[in-house]
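Structural overview
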Amino acid sequence: MFTSFSRPQWAVGFAVAVTAVLFALPSRAEPAPPYEALIESLDRIPITVEAEALLDAANARAQQARALPNPSVSVETENVYGRGPFSGYDAAESTFSINHPLELWGQRGARIGAAQAEAKVAALRRDQTQWTVAGSLALIYSEAEAASLQYELAVEALELTEADANAVMLLIEEGREPSLRGIQANSEVESARAAVDEARANRDAAFARLTAAAMLVQPVTAIEPSLLNRSPDASFQAMGNPLTVQIAEAELEAASKSVSVERLRARPAVSASLGVRRFQEYDTEAFTFGINVSLPLFDRNKGAISAARAEERAAAARLTTAKLQTQANRSAAQARLDASITRIRAADKGVASAEEAYQLARAGFDAGRISQLELRSIRSALISARNTAVNARLARVRAEVELAGLDDRAPF
């Protein structure tokens, strides 16, 4: 149960059942799918689809990196249609050759290694995105549930305020209270009614956010089962390096391989050719072969090498930061989760005390032993305590979402 509220009775015949208010949903409302059903369909969420597509692209680039460079074919004819003995085609020399680039010094292996390192980064980011989306759905789901409960609490607060106002009107009719008290009571009722309208708008907005985030066909009109009441698994132990550190390590590896690729690009480009030359005048053929080597006189790829080395230093700095922050962030998240659990216990006790106080105050007000001002103050304390109980549970969900993100898992 959400908490242990009682069912007090008052002289005017008004009964309050907080448990029913917190958990009773409209009979015609279609509840949202359970949280477990939502995270089972993460592959439909656009951000997850994007991460999967980026991984496919990285894998495709890694596959493409294995491809050998294409050869080129050339046909060349010399000594034709000139003057004297070269006036016709009889002295022609025609050459057919095939040229193929040679990837020396490990250029192909470096290219493949860099593409595979990028694919590894994309795979880790895909996994991280899935856990991030699962946590985001948990938070949006719990916020929608909290908004629904706060609306129900606002409706109940309006009913309490109206019941107190009716009791004040009876006292005014009996001459035991001045008319000013009635004006004050009506003002409180209008304020409570405005709070109901605001809570309804917040609930509808939260339902709309959940509908959009989970890509549901039918709009959400209720939340069931509860996520706010679910306790995190205290026995879970994080294993191995967090994904944040793994991604930083993979990025550093990819940056290092990029440096190797750029350094090898500064080496001379070498290509080999093999062909056949036809001597028209002698009606015979001969083979040709050659080597083509570029001279790195002007472009030695220094700028690209410097840029790759700078990116490698940046990746190393990110890795150091990730290692330093991850453990600290997890300890802080665990502390916030523990504090939220303690806060829930305190909030539940506060609700029980506030309800008992309101029951006694209402009986005292009907008997004329306490003033309207005191009754209003105690009622406000009850309403505040109930909302605090909802907010405490929402804080626990947020702390669990944060901790789950650091542990690379779905919340709860």
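What counts and what doesn't
Residues numbered from 1 in each chain as written. Predicted model: local features only at pLDDT ≥ 70, side-chain atom pairs only at ≥ 80, totals over all residues. Heavy atoms only, no water. Pairing = 2+ DSSP bridges. Helix = DSSP H or I, 4+ residues; strand = E, 2+ residues; numbered from the N terminus. Axes fitted to C-alpha atoms, helices over the stretch in contact; angles between N-to-C directions. Salt bridge = Lys/Arg side-chain N within 4 Å of Asp/Glu carboxyl O. Buried < 20%, exposed > 50% of the residue type's maximum accessible area, 1.4 Å probe, protein only. Patch = residues over 30% accessible without salt bridge, like charges linked within 9 Å, V, L, I, M, F, W, Y side chains within 5 Å. Areas by Shrake-Rupley, 256 points an atom, 1.4 Å probe, with all protein chains shown as cover. Contact = heavy atoms within 4.5 Å. Phe/Tyr/Trp six-rings, centres within 6.5 Å; stacked < 30°, edge-to-face > 60°. Lys NZ or Arg CZ within 6 Å of the ring centre and 35° of its normal. Core = buried A, V, L, I, M, F, W, Y, C linked by side-chain atoms within 4.5 Å.

1. Quick word on the sheet that holds strand β3 (residues 270–279)
In space, the four strands of this open sheet follow the order β1-β2-β3-β4, with antiparallel pairing throughout. Every interior strand has two partners, whereas the edge strands, β1 (72–78) and β4 (284–293), have only one. Neighbour-to-neighbour, the strand axes of this sheet turn through a mean angle of 20°, independent of strand direction. Both strand β2 (residues 93–102) and β3 contribute to a ladder of ten bridges, which runs antiparallel. Bridge pairing in β3 places Ser-94 opposite Arg-278.

2. Structural notes on the pattern of salt bridges
Summed over all chains, the structure comprises 27 salt bridges. For Lys-120, the salt bridge identified is with Glu-253, shortest N-O distance 3.7 Å. Placement of Lys-120 in helix α4 (residues 107–173) and of Glu-253 in helix α6 (residues 243–265) is noted, with a sequence separation of 133 residues between them. Among the residues examined, Lys-120 registers a relative accessible area of 44% and is labelled partly exposed. The partly exposed category is assigned to Glu-253, whose relative accessible area is 33%. As a salt-bridge pair, Asp-197 and Arg-200 come within 2.9 Å of each other at their nearest N and O atoms.

3. Observations concerning a nonpolar patch on the surface
On the surface, Leu-102, Leu-104, Trp-105, Ile-291 and Val-293 cluster together into a nonpolar patch covering about 440 Å² of accessible area. Note that Val-293 resides in strand β4. By relative accessible area, which is 42% here, Val-293 ends up partly exposed.

4. Regarding the side chain of Ser-142
Here Ser-142 lies in helix α4. Residue Ser-142 is classed as buried on the basis of its relative accessible area of 0%. Those residues in contact with Ser-142 that sit more than four places away from it in its chain are Leu-227, Leu-228, Leu-394 and Val-397.

5. Quick notes on the packing of aromatic side chains
Under the definition given, this model contains two aromatic pairs. Ring geometry for Tyr-81 against Tyr-89: centres 6.3 Å apart, planes inclined by 45°, an arrangement best described as tilted. Among the residues examined, Tyr-89 registers a relative accessible area of 35% and is labelled partly exposed. Its end group placed over the ring of Tyr-151, Arg-203 keeps NZ or CZ at 4.3 Å from the ring centre.

6. Notes on the pairing of β3
As paired strands, β3 and β4 are joined by ten bridges and run antiparallel to one another. If you follow Val-276 over to β4, its bridge partner there is Phe-287. Between β3 and β4, which pair antiparallel in sequence order, lie four residues; one of them, Asp-283, sits at a positive phi of approximately 50°.

7. Points about the nonpolar core
Residues Leu-38, Leu-137, Tyr-141, Leu-210, Val-220, Ile-223 and Leu-228 are the most contacted members of the largest nonpolar core, which totals 29 residues. The set of elements that each furnish at least two residues to this core consists of α2 (35–40), α4, α5 (179–213) and α8 (372–407). The biggest single contributor to this core is α4, with eleven residues. Sequence-distant contacts of Leu-228, defined by excluding residues within four places in its chain, comprise Ser-142, Glu-145, Ala-146, Leu-149, Val-390, Arg-393, Leu-394, Arg-396 and Val-397. Core analysis: the second largest hydrophobic core is formed by 26 residues, Ala-154, Ile-344, Phe-365 and Ala-385 among them.

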